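Here is what each chain is made of, one letter per residue.
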Amino acid sequence: MAEQTWWFVARSTGLVAYVLLAVTVIGGLVLSSRLLRRPPSNALLDWHRFVGGLSVVFTGVHLLAIYADSYVEFGLADLFVPFLSSWRPLPVALGIVALYLVLAVELTSLLRRRLRPGLWRLIHQLSLPAFLLVTAHLLLAGTDASNPAVLVVVGALLAATAVPLALRLVGLGPHHGRGALRAGSAPVRRGPRTAGRRPRTGRAGRRSPHPDPDRCPGGRRCRRRS
């Protein structure tokens, strides 16, 4: 049993990392769509980042357990270079590519303030193909791919991902445009519209003072009614 400890750790942490990644992708699709009537709050955004970072942590433990396990000999290069592993090279390569995509998404999320919004959004969308690659890696290389419970969880997560994705494709796309408010920011109050009105100016081009209530049109002084 002690010899298989790392193998069980690798399997369990891999499944947990997959579920966390799926929840992150689903949450990102919901937060960036019109399914929410209001822009997401800071608490929801922090939760989204926390789950994404937690998936990276479990992925790191998954790789460490695979490296420490003696069932299949994996070197460091086998874990980070695609198609170098002699054990199921294609499924392992899919997992490695997905790892790099997830790392790119997480690192650019930490550097979001230093990146252009368009570039950050483009890189952040790589989380969806990363999730699909991890799904293929699980089904093709995972030991628990034949487990009915695992297949049910995978099917449920794929369906939960497809629903908000389909809603975005049919028109319920991102509602955070250029003029959208950031989460947690107060709305900007604007005064009454003055379209088509021009300020009154004097002869020198300066604004004239407020009209005297004692003067009538034409400059004549009017009598106040008692």
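Bear in mind the structure is a predicted one, so any value in this text is a computation, not a measurement.

(A) Expanded view of the environment of Leu 128. Checked against the element boundaries, Leu 128 lands in helix α6 (residues 127-141). A sequence separation of 103 residues divides Leu 128 from Val 25, and the C-alpha atoms of the two residues are 6.4 Å apart.

(B) Fine view of a nonpolar patch on the surface. A surface patch of nonpolar side chains, about 950 Å² in accessible area, is lined by Tyr 67, Leu 76, Phe 80, Val 81, Leu 84, Tyr 100, Leu 103, Leu 107, Leu 110 and Leu 111. Elements represented by at least two residues in the nonpolar patch include exactly α3 (76-80) and α4 (89-110). With 4 residues, α4 is the largest single contributor of residues to the nonpolar patch. For Leu 76, the location among the structural elements is in helix α3.

(C) View of helix α2 (residues 42-68). Spanning 27 residues, α2 covers 39 Å between terminal C-alpha atoms, matching the ideal 39 Å at 1.5 Å per step. Residues of α2 that are buried include every one of His 48, Val 51, Gly 52, Ser 55, His 62, Leu 63, Ala 65 and Ile 66, and no others. Looking at the buried residues of α2, the elements they touch are α1 (5-31), α3, α4 and α5 (117-124).

(D) Fine view of the packing of aromatic side chains. Under the definition given, this model contains 3 aromatic pairs. Relative to Tyr 71, the ring of Trp 7 has its centre 5.2 Å away and its plane inclined at 40°; by these criteria the two rings are tilted. Of this pair, Trp 7 sits in helix α1 while Tyr 71 sits in the loop between α2 and α3; the two residues are 64 residues apart in sequence, bridging distant segments of the chain. For Trp 7, a relative accessible area of 17% puts it in the buried group. Between Phe 74 and Trp 87 the ring centres are 6.1 Å apart and the planes differ by 85°, which places this aromatic pair in the edge-to-face class. In this pair, Phe 74 sits in the loop between α2 and α3 while Trp 87 sits in the loop between α3 and α4, placing the two residues 13 residues apart along the sequence. Of the residues examined, Trp 87 reaches a relative accessible area of 26% and is grouped as partly exposed. Its guanidinium or amino end placed over the ring of Trp 120, Arg 112 lies 3.8 Å from that ring's centre, counting from NZ or CZ.

(E) Spotlight on the side chain of Ser 127. Tracing the chain through its elements places Ser 127 in helix α6. Taking the relative accessible area as the measure of exposure, Ser 127 reaches 18% and is therefore buried. A distance of 3.0 Å separates a polar atom in the side chain of Ser 127 from the backbone oxygen of His 124. Here Ser 127 is in contact with Val 25 and Val 105, once residues within four sequence places are set aside.

(F) Representation of empty space enclosed by the protein. Summed over the entire model, instances satisfying the criterion amount to 1 cavity of 30 Å³ or more. What the largest cavity holds in volume is close to 650 Å³. Along its surface, the largest cavity is lined by 30 residues, and Gly 14, His 62, Ile 66, Gly 95 and His 137 are the ones closest to its centre. When residues of the lining of the largest cavity are traced back to their parent elements, those giving at least two are α1, α2, α3, α4 and α6. Take the lining of the largest cavity: its biggest share by element is 8 residues, from α1. Looking at the lining of the largest cavity, its residues break down into 19 nonpolar, 8 polar and 3 charged.

(G) Here's a closer look at the nonpolar core. By size, the foremost hydrophobic cluster in this structure holds 16 residues, and its most contacted members are Tyr 18, Leu 21, Phe 131 and Leu 157. Every element with two or more residues in this core is listed here: α1, α4, α6 and α7 (148-169). In terms of residue count, the dominant contributor to this core is α1 (6 residues). Those residues in contact with Leu 157, other than ones at most four positions away along the chain, are Tyr 18, Val 19, Ala 22, Ile 26 and Phe 131. Counting residues in each nonpolar core, the second largest holds 8 residues, with Ala 10, Leu 63, Ala 65 and Leu 79 among its members.

Conventions adopted
Residues numbered from 1 in each chain as written. Predicted model: local features only at pLDDT ≥ 70, side-chain atom pairs only at ≥ 80, totals over all residues. Heavy atoms only, no water. Helix = DSSP H or I, 4+ residues; strand = E, 2+ residues; numbered from the N terminus. Patch = residues over 30% accessible without salt bridge, like charges linked within 9 Å, V, L, I, M, F, W, Y side chains within 5 Å. Areas by Shrake-Rupley, 256 points an atom, 1.4 Å probe, with all protein chains shown as cover. Salt bridge = Lys/Arg side-chain N within 4 Å of Asp/Glu carboxyl O. Expected span 1.5 Å × (residues − 1). Buried < 20%, exposed > 50% of the residue type's maximum accessible area, 1.4 Å probe, protein only. Contact = heavy atoms within 4.5 Å. Phe/Tyr/Trp six-rings, centres within 6.5 Å; stacked < 30°, edge-to-face > 60°. Lys NZ or Arg CZ within 6 Å of the ring centre and 35° of its normal. Polar contact = N/O pair within 3.5 Å; in protein donor to acceptor, adjacent residues only side chain to side chain. 1 Å grid on protein atoms, 1.4 Å probe; cavity = no way out; pocket = protein on both sides within 12 Å on 5 of 7 lines; lining within 4 Å. Points joined across faces, edges and corners; volume = space filled by probe spheres on them. Nonpolar A, V, L, I, M, F, W, Y, C, P; charged D, E, K, R; others polar. Core = buried A, V, L, I, M, F, W, Y, C linked by side-chain atoms within 4.5 Å.

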